[in-house]
Amino acid sequence: MVTHGSHGQLEPVADQLWIPLFRSSTSDAEESTRNVAAACLGKLTTTQPSRYLPQLHTRIRDENPAVRATVISAIRYTFADNTPSYDELLAPLVMDFLGLMKDSDLVRRHPCYCSYL
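Cut-offs and rules
Residues numbered from 1 in each chain as written. Predicted model: local features only at pLDDT ≥ 70, side-chain atom pairs only at ≥ 80, totals over all residues. Heavy atoms only, no water. Core = buried A, V, L, I, M, F, W, Y, C linked by side-chain atoms within 4.5 Å. Buried < 20%, exposed > 50% of the residue type's maximum accessible area, 1.4 Å probe, protein only. Helix = DSSP H or I, 4+ residues; strand = E, 2+ residues; numbered from the N terminus. Salt bridge = Lys/Arg side-chain N within 4 Å of Asp/Glu carboxyl O. Axes fitted to C-alpha atoms, helices over the stretch in contact; angles between N-to-C directions. Parallel < 35°, antiparallel > 145°, perpendicular 65-115°, else oblique. Left-handed = near helix turned anticlockwise from the far one by under 90°. Contact = heavy atoms within 4.5 Å. Nonpolar A, V, L, I, M, F, W, Y, C, P; charged D, E, K, R; others polar.

Visitor: Quick question: what am I supposed to make of the nonpolar core here?
Guide: Nonpolar side chains tend toward joint burial in soluble globular proteins. Residues Trp-18, Phe-22, Leu-44, Leu-53, Leu-56 and Phe-97 are the most contacted members of the largest nonpolar core, which totals 27 residues. Looking at this core, the elements with two or more residues in it are helix H2 (14-23), helix H3 (31-47), helix H4 (49-58), helix H5 (65-78) and helix H6 (84-90).

The following block contains the structure:
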């Protein structure tokens, strides 16, 4: 529902979904669950980028490698948004997100997430 919903449909429920989706990205969650959570987080980020992009950015330093892997996967879903306002928000942060490629915990534990870049 989230990945196919329009921005107008998602904006009213985005806050209610954000935290539960991150809970689905913990280490004990299955990879397929984390992938779905990442796709949904990416889509929600594009609904209100000024609100959610900074929250994703904050999570790149999460102590849990599965959360960091979910973040990098979620970011790839946001690249479909090509609005100039989104690009302006993403541009100063993109190098931080790309820095996750050097995260040894992600490469060792979650090699598929770094291959998206």
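Visitor: What exactly am I supposed to notice about the pattern of salt bridges here?
Guide: Working definition: two side chains of opposite charge can pair if their charged atoms are close together. The final tally for this structure, using the stated rule, is 2 salt bridges. A salt bridge links Arg-51 to Asp-15; the nearest nitrogen and oxygen atoms lie 3.0 Å apart. Here Asp-15 lies in helix H2 and Arg-51 lies in helix H4, a separation of 36 residues in the sequence. Take Asp-15: its relative accessible area is 43%, and that puts it in the partly exposed class.

Visitor: Is there a simple way to explain the packing of H2 against H4 in this structure?
Guide: For any two helices packed against each other, one specifies the crossing angle of their axes together with the interaxial distance. Here H2 crosses H4 at 15°, and the two axes come no closer than 12 Å. Between H2 and H4, the crossing angle belongs to the class labelled roughly parallel. At the point where H2 passes H4, the crossing takes the right-handed sense. Judged by residue contacts, Ala-14, Asp-15, Trp-18 and Phe-22 of H2 engage Arg-51, Tyr-52, Gln-55 and Leu-56 from H4. Here the contact of H2 with H4 is composed, by residue class, of 5 nonpolar, 1 polar and 2 charged.

Read these as spatial facts, not as claims about activity.
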